[in-house]
Amino acid sequence: MTVEAFMEASNAYYYATRDPLGIEGDFTTAPEISQMFGELVGAALADCWRRAGSPNDAIFVELGPGRGTLAADALRMMRSAGFRGEIHLVETSPVLRDRQRTVVPDALWHESIDDLPARPLLLVANEFLDALPVRQHVGGIDRRVVIAGGGLAFDRDGEIVETSPLRDEAVGSIATCVALKGGAALLIDYGHERSAPGDTLQAVKRHGFASILSAPGEQDITAHVDFEAVSVAVRNAGAETTPLVTQGEWLIRLGIEARAQSLSRANPDRSEDIQASLDRLTSRDQMGTLFKVIGVHSRDWPAPAGFQ
Ligand code: SAH
């Protein structure tokens, strides 16, 4: 099978059969590190919504919400800013839907982005695009996973070029809806600013790297997001992008340092933890530079804050 089919099948089984997040799981994401992450996402979306005239048909959407932590933290901020719209979550995993239901009980769930209603979107996707399958090409030929010597192996090596038609399609659907109905989207992931050759496929198990082919369906397989391809897909659909910024820069511009200070004042016994989370989310040697954020908006909506 192609690398794309392998990654798709492996991740579909992996996410359908477990909650992979947290210390007990395989990896930890930004919203699981601190409530500040989701709160600032919510603040950025609410601010954009207000500057667009607070349309009352706008909906909150999250793609791949994991445990629902980001949605719950973001919605707390958005509700306090007056947003009363519906909550729509795109999630294929029944196990994770159950977790999400405990923290965002009034949400509506969808299997696919294409099932979302055509309404102005206030959308966030954190570590969602990296889980969508990539194709790998070697000398123009689709790289495949084959059975060899009783195990799995790649059929060819050499200079690898990755593309992701499924990711382009997902981004294109969001951007089409935004272009037609208005709205703003925040896409947050690890990845690179310019398309370039390279093998970025990786597998993670119990908070460490694993061999990609060793345990299909039992470990998380991701690939870096090519943000140049994302921008092209957005513009082809008729929507606008913001500049790409690092997660660290973006969170600092949105005021994460002030938020950390006020949380520490309110919870002095947790102030060391709060400082450590701030550092983990923003500093160069942690998530601050590897992770990047791009905003998507329609021509008649303002750009979300934090990108200029
Ligand atoms: N955004 C969360 C979780 C990231 S893990 C966080 O930041 O903590 C990836 C999430 O995407 C999981 O919820 C997984 O079930 C979901 N997912 C993966 N592939 C998907 C697909 N093709 N369609 C919908 N959801 C998907």
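Structure first, text after, so check above.
Since we're looking at a predicted model, the values are computed, not measured. (Residues numbered from 1 in each chain as written. Predicted model: local features only at pLDDT ≥ 70, side-chain atom pairs only at ≥ 80, totals over all residues. Heavy atoms only, no water.)

## Thoughts on the overall build of the protein chain
- For the protein chain, the helix and strand inventory stands at 11 helices and 17 strands.
- In terms of its C-alpha atoms, the protein chain occupies a principal-axis envelope of roughly 60 × 45 × 35 Å.
- Per element, the accessible surface of the protein chain, about 13300 Å² overall, is 51% carbon and sulfur.
- On the protein chain, the mean spot of the 29 positive side-chain charges and the mean spot of the 43 negative ones are 4 Å from each other. (Helix = DSSP H or I, 4+ residues; strand = E, 2+ residues; numbered from the N terminus. Areas by Shrake-Rupley, 256 points an atom, 1.4 Å probe, with all protein chains shown as cover. Lys, Arg positive; Asp, Glu negative; His and termini not counted. Charge placed at Lys NZ, Arg CZ, Asp CG, Glu CD.)

## Some details on the site of the ligand
- In the neighbourhood of the ligand, 16 residues make up the surrounding shell, with T29, G64, G66, E91 and N126 lying closest.
- Contact distances for the ligand include 2.7 Å between a nitrogen atom and a backbone N or O atom of G64.
- A distance of 3.0 Å separates an oxygen atom of the ligand from a polar atom in the backbone of G66.
- When the ligand is considered free in solution it has 580 Å² of accessible area, and contact with the protein chains removes 90% of it.
- Residue composition of the shell around the ligand, by class: seven nonpolar, six polar and three charged. (Near = heavy atom within 4 Å. Polar contact = N/O pair within 3.5 Å; in protein donor to acceptor, adjacent residues only side chain to side chain. Nonpolar A, V, L, I, M, F, W, Y, C, P; charged D, E, K, R; others polar.)

## Overview of the packing of aromatic side chains
- Across all of its chains, the model carries four aromatic pairs by this definition.
- On the numbers, 5.1 Å between centres and 80 degrees between planes, the contact of Y14 with Y15 is edge-to-face. For the residue pair Y14 and Y15, the accessibility class agrees, reading buried in each case.
- Across from the ring centre of W109, 4.7 Å away, lies the NZ or CZ of R101, which sits over that ring.
- It is R143 that lies over the ring of F154; its NZ or CZ is 3.8 Å from the centre. (Phe/Tyr/Trp six-rings, centres within 6.5 Å; stacked < 30°, edge-to-face > 60°. Buried < 20%, exposed > 50% of the residue type's maximum accessible area, 1.4 Å probe, protein only. Lys NZ or Arg CZ within 6 Å of the ring centre and 35° of its normal.)

## Quick word on the pairing of strand β5 (residues 135–138)
- Judged from the four bridges that link them, β5 and strand β9 (residues 160–163) form a sheet pairing that is antiparallel. Bridging from a neighbouring strand, V138 pairs with I160 of β9.
- Sheet topology places β5 next to strand β6 (residues 141–142); two bridges connect them, and they run antiparallel. Across the sheet, residue V138 finds its bridge partner in β6, namely I141.
- Linking β5 to β6, which pair antiparallel, is a turn of two residues; within it G139 sits at a positive phi near 55 degrees. (Pairing = 2+ DSSP bridges.)

## Some points on helix α7 (residues 227–236)
- Taken as a whole, α7 has its buried residues at F227, V230, S231, A233 and V234. Considered in projection along α7, the buried side chains sweep an arc of 160 degrees and stay on one side of the axis.
- The inward-facing, buried residues of α7 abut α6 (165–181), β10 (183–192), β14 (225–226), β15 (240–241) and β17 (291–297).
- Residue D226 occupies the N-cap position of α7, its side-chain oxygen lying 3.0 Å from the main-chain nitrogen of E228.
- Once α7 ends, the next one or two residues include G238, with phi positive near 90 degrees. (Arc of directions from axis to C-beta. Contact = heavy atoms within 4.5 Å.)

## Looking at the sheet that holds β6
- Strand order in the open sheet formed by three strands is β6-β5-β9, and the pairing between neighbours is antiparallel. Edge strands, defined here as strands with exactly one partner in the open sheet, are β6 and β9.

This is a description of form; function is not addressed.
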